[in-house]
Amino acid sequence: MATPGMEVLFHASPMGVGFSVDRVLCEVNDRLCEMSGYAREELIGQSLRMLHPSDAAFEAVGRAVYPKLAEQSVVRVDAQLQRKDGRILDVALCLALVDPEAPARGVIATVLDVTDYLRTQAELRAARARLETALAAGDLGLYEGDLVTGYADVDARFLRQLGLPPDTDMTVERWLGMIHPDDQARLRAAAMDTMAGRISEYGTEYRIRHADGGWRWLLDRWQVYARDAGGEVQRVVGVHLDITERKAAEQAVAELNRTLEQRVAERTAEVGRQAEQLRALASQLTRTEQQERTRLAGVLHDHIQQLIVAAQMQVNRTGRAGDAASVQAARESAAEVLQQALEASRSLTVELCPPVLHESGLVPALHWLAGRMLSQQGLRVRVEAAADAEPAGDELRFLCFECARELLRNVAKHAGVTEAEVALLRSALGDIHLCVSDAGCGFEPAHLREQQPEEMSFGLFSIQERLKHIGGWMTLASVPGQGTQVTLVLPAATAPQLSAAAAATRARNAAVLAQHTPATCCRVLIVDDHHIVRDGLAGLLQAEPDIEVVGAAADGTQAIALAAELLPDVIVMDINLGSGIDGVEATRRVLAHSPGIRVIGLSMHSDRGVADAMRAAGAAAYLTKGGPPEDLIEAIRLHGDASGLRGV
């Protein structure tokens, strides 16, 4: 404190200043008193130790400072100052010798409180770490654009998302040049509006060229954060996110929606067409019922009633006859007329509801129907009926009989042949199958589906609707010039439990069914552990004239047994079949026993490993359940043909 000017500077300094000799305070300024909380009189003559939080801290500062003072004019060190109230301050100490030539004259030190500064720095580091974590978690590319120089400061994620090396220099113009031509004008206009100050923030989606040559979709958002004194925009900061996968998913959903809308429209049109058909058939049913009533009334009036009147006349004649011979003749004539009336009544009863159907069952009734068709229509019908195929109740017997009679009438009327075949069998799952086939002229099934209501006849469509009512279905296979086969399926839920003897006849039933299946019909076994999926697949495939669903299995064990029993052309095999044997192992075992069968894997999985496992097991194809149904139908036709199925 040699001069007055130095003393003024000493006390006026905004930093704490202290003068010490042998680490004992000799002088302090007001600022140091404020920082420490001590009065000047409390500090003068005291060891510097009182301003340190511990002996160790005191000695550490001494070791860090005093050896260096002999070599450096000023020594800086970070330390802590303990206030009188016990609070600890972070401080920056700068120490220098008062006289480098005479170190014993003491040390002058400045003390700067950096507590707030260090806290702010720590908060900034924490905020930066949080920001970096958020950017990394969101995979957001960060950039800062200088609109004055045109250069951009970008982070590693920004460059990685564009496939660019980490040391790539990025400019605003280069970024604009990478944008898809269809998005260029929009982004350039936004950049110009930002530079002109018309907008202060902007968000959009656009395509940008990746380093591999492809286009990537980005979700980008920037905001102005620096302006000059005149308010002109200087810098913007922003982030972008690669949303290419999301865009692809959105496009896939949009395409799916379009497909669904198209299918809904097609199905709505189909439902409308069926409604028109049903209305037309309802009207025709009313007319048919009235015609049948008129026909029955005519039979009763024109034939049976006339015979009864004739019998009455003969009876009255006996009352007026005078001799025994005349009476006998009248009696014989009356008896003959009554016999004719009885036969006519019996014939009408049999036509309306054959007694054999109620008394003996469906199988004898089908043989009776074959004789009836031969005598009345000249159509020779061969009947193959399994003993275990008899339906459980009268309602099902009557439905099967009426359907068989309607189908045989169609053969006699339209097929142009004198022979037909009827097969009544029970499948391994308990379903009843009634097959009526002929080798006649055939027709295009599509033409039947396209018929207008006024062209409909009360035949196949009526049968199909009646089967739907009980949960059954009808399959139709017909080729012009090659005959027709109609198969009616009554579900197992409406059929009786299989008897012990039924198992022994299953193989024979399958052989008979195969005999009655046209060469152009692909026989398919469905394997899936979900009942709804099995029914859905059966409903999808049964509408195809050249595909017949011959059975359905709910697990791997059942699939192996049915494959050996039914020998289908194609098996549609699910991968996941619940507990037990899965689709891969079931495929392996089926093909080991019957290598001629073609297996098509069908699963929700699109994983390549699953498809490879199915193919390794021998599957001919693998499809996902989410694909178009046309792909499955095409695959069945393709591989059904490969299994040996050929058109005639």
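Let me begin by describing the structure that accompanies this report. Note that this is a predicted model, so its numbers are computed, not measured.

With respect to the packing of aromatic side chains
Argument step 1. Following the criterion strictly, the structure yields five aromatic pairs and no others.
Argument step 2. Where Y143 meets F158, the ring centres are 5.7 Å apart and the plane angle is 65 degrees; that geometry is what we call edge-to-face. Remark: F158 occurs in helix 6 (residues 156–161) and Y143 occurs in strand 6 (residues 140–146); sequence separation between them is 15 residues.
Argument step 3. Between W175 and Y206 the ring centres are 6.1 Å apart and the planes differ by 80 degrees, which places this aromatic pair in the edge-to-face class. Of this pair, W175 sits in helix 7 (residues 172–177) while Y206 is found in strand 9 (residues 201–209), placing the two residues 31 residues apart along the sequence. We note that W175, like Y206, is buried.
Argument step 4. An aromatic cluster is present here, built from W175, Y202, Y206 and W222 joined pairwise through their rings.
Argument step 5. Over the ring of F58 we find R23, and its NZ or CZ is 3.7 Å from the ring centre.
Argument step 6. Taking NZ or CZ as reference, K247 lies 4.5 Å from the ring centre of W217, over its face.

Regarding helix 4 (residues 55–69)
Argument step 1. Helix length check: helix 4 (15 residues) gives 21 Å between terminal C-alpha atoms against 21 Å at 1.5 Å per residue, within 8%.
Argument step 2. Taken together, the buried positions of helix 4 are F58, V61, G62, V65 and L69.
Argument step 3. Buried-residue contacts for helix 4 involve strand 3 (75–82), strand 4 (88–97) and strand 5 (107–113).

Comments concerning helix 8 (residues 181–195)
Along an α-helix, a turn takes 3.6 residues, which lines up residues three or four apart on a common side.
Argument step 1. The terminal C-alpha atoms of helix 8, which comprises 15 residues, lie 21 Å apart, in line with the 21 Å expected from a rise of 1.5 Å per residue.
Argument step 2. Where helix 8 is buried, its residues touch helix 7, strand 9, strand 10 (215–227) and strand 11 (233–242).
Argument step 3. With its phi angle positive at about 80 degrees, G197 sits one or two positions after the end of helix 8.

Considerations on the side chain of S36
Argument step 1. Within the secondary structure layout, S36 lies in helix 2 (residues 30–36).
Argument step 2. Within the structure, S36 has its side chain in polar contact with the backbone nitrogen of Y38 (distance 3.3 Å).

Overview of the nonpolar core
Grouped burial of nonpolar side chains is what soluble globular proteins tend to show.
Argument step 1. V381, L408, L424 and L488 are the most contacted members of the largest nonpolar core, which has 39 residues in total.
Argument step 2. Elements represented by at least two residues in this core include exactly helix 12 (362–377), strand 12 (380–385), helix 13 (394–415), strand 13 (419–426), strand 14 (432–438), helix 15 (460–469), strand 15 (473–479) and strand 16 (483–490).
Argument step 3. In terms of residues, this core owes the most to one element, helix 13, which gives ten residues.
Argument step 4. If near-sequence neighbours (up to four positions away) are discounted, L408 is found in contact with L369, M373, L379, V381, A420, V422 and V436.
Argument step 5. Among the nonpolar cores identified, the runner-up in size contains 26 residues, and L562, I597, V610 and A617 belong to it.

What to know about the environment of S579
Argument step 1. Note on placement: S579 falls in the loop between strand 19 (570–574) and helix 19 (583–593).
Argument step 2. Judged by its relative accessible area of 74%, S579 is exposed.
Argument step 3. The spatial distance from the C-alpha of S579 to the C-alpha of G556 is 9.1 Å, given a sequence separation of 23 residues.

A look at the sheet that holds strand 11
Strands in a sheet are paired, the pairing made by backbone hydrogen bonds, and the direction either parallel or antiparallel.
Argument step 1. An order of 8-7-6-11-10-9 is seen for the six strands of this open sheet, with the pairing classed as antiparallel. At either margin of the open sheet sits one strand with a lone partner, and together these are strand 8 (170–171) and strand 9.
Argument step 2. Across nine bridges, the pairing between strand 9 and strand 10 is antiparallel. Paired with R209 across the two strands is W215, which belongs to strand 10.

Some thoughts on the environment of Y622
Argument step 1. Inspection of the secondary structure puts Y622 in strand 21 (residues 621–624).
Argument step 2. Relative accessible area serves as the criterion here: at 10%, Y622 is assigned to the buried category.

Some details on the pairing of strand 18 (residues 547–553)
Argument step 1. Burial analysis of strand 18 places seven of its seven residues in the buried class, the great majority of the element.
Argument step 2. Relative to strand 18, strand 17 (residues 522–527) runs parallel, the two being bridged by six bridges. Residue pairing in the sheet places L525 in a bridge with G551 of strand 18.
Argument step 3. In terms of handedness, the path from strand 17 via helix 17 (residues 531–542) over to strand 18 forms a crossover that is right-handed.

Things to note about the state of the cysteines
Argument step 1. Under the defined criterion, the tally for this structure stands at zero disulfides.
Argument step 2. As a non-bridged cysteine, C435 has C521 as the owner of its nearest cysteine sulfur, 9.6 Å distant.

Topic: the pairing of strand 5
Regular strands place their side chains on alternate faces of the sheet.
Argument step 1. Pairing geometry for strand 1 (residues 16–21) and strand 5, over five bridges, is antiparallel. In the sheet register, G18 faces strand 5, and the bridge partner there is A109.
Argument step 2. Strand direction decides the pairing type here: strand 4 and strand 5, joined by seven bridges, are antiparallel. By the bridge assignment, L93 is partnered in strand 5 with V111.

Considering the side chain of T115
Argument step 1. Checked against the element boundaries, T115 lands in helix 5 (residues 115–137).
Argument step 2. For T115, the side chain forms a polar contact with the side chain of D113, separated by 2.8 Å.
Argument step 3. Leave out the neighbours within four places in its chain, and T115 touches L89 and D90.

Quick notes on the sheet that holds strand 5
Argument step 1. Pairing in this open sheet of five strands is antiparallel, and the strands run 2-1-5-4-3 from one edge to the other. In the strand order of this sheet, the two ends are held by strand 2 (24–28) and strand 3, each with one partner. Between one strand and the next, the sheet's axes are offset by a mean angle of 35 degrees, whatever the strand orientation.
Argument step 2. Strand direction decides the pairing type here: strand 3 and strand 4, joined by eight bridges, are antiparallel. Looking across to strand 4, one finds that L81 is bridged to L89.
Argument step 3. Across the sheet, helix 4 lies against strand 3, strand 4 and strand 5, angled at about 150 degrees from strand 3, the strand it touches most.

A few points about the pattern of salt bridges
Close approach of charged atoms allows side chains of opposite charge to pair.
Argument step 1. In this structure the tally under the stated criterion is 32 salt bridges.
Argument step 2. Between D139 and R160 there is a salt bridge whose closest N-O contact spans 2.6 Å. With D139 in the loop between helix 5 and strand 6 and R160 in helix 6, the pair connects residues that are 21 residues apart, well separated along the chain.
Argument step 3. A relative accessible area of 29% means that D139 is categorised as partly exposed.
Argument step 4. Of the charged contacts, one joins R221 and E201 as a salt bridge, the two residues approaching to 3.1 Å between their closest N and O atoms. Linking R221 in strand 10 with E201 in strand 9, this pair joins segments that are 20 residues apart in sequence.
Argument step 5. A relative accessible area of 46% places R221 in the partly exposed class.
Argument step 6. Using a relative accessible area of 39% as the deciding quantity, one classes E201 as partly exposed.
Argument step 7. Several salt bridges converge on common partners, so that one network encompasses E205, R246, K247 and E250.

Procedures and definitions
- Residues numbered from 1 in each chain as written.
- Predicted model: local features only at pLDDT ≥ 70, side-chain atom pairs only at ≥ 80, totals over all residues.
- Heavy atoms only, no water.
- Phe/Tyr/Trp six-rings, centres within 6.5 Å; stacked < 30°, edge-to-face > 60°.
- Helix = DSSP H or I, 4+ residues; strand = E, 2+ residues; numbered from the N terminus.
- Buried < 20%, exposed > 50% of the residue type's maximum accessible area, 1.4 Å probe, protein only.
- Lys NZ or Arg CZ within 6 Å of the ring centre and 35° of its normal.
- Expected span 1.5 Å × (residues − 1).
- Contact = heavy atoms within 4.5 Å.
- Polar contact = N/O pair within 3.5 Å; in protein donor to acceptor, adjacent residues only side chain to side chain.
- Core = buried A, V, L, I, M, F, W, Y, C linked by side-chain atoms within 4.5 Å.
- Pairing = 2+ DSSP bridges.
- Right-handed = clockwise from strand over helix to strand, strands pointing away.
- Disulfide = S-S within 2.5 Å.
- Axes fitted to C-alpha atoms, helices over the stretch in contact; angles between N-to-C directions.
- Salt bridge = Lys/Arg side-chain N within 4 Å of Asp/Glu carboxyl O.

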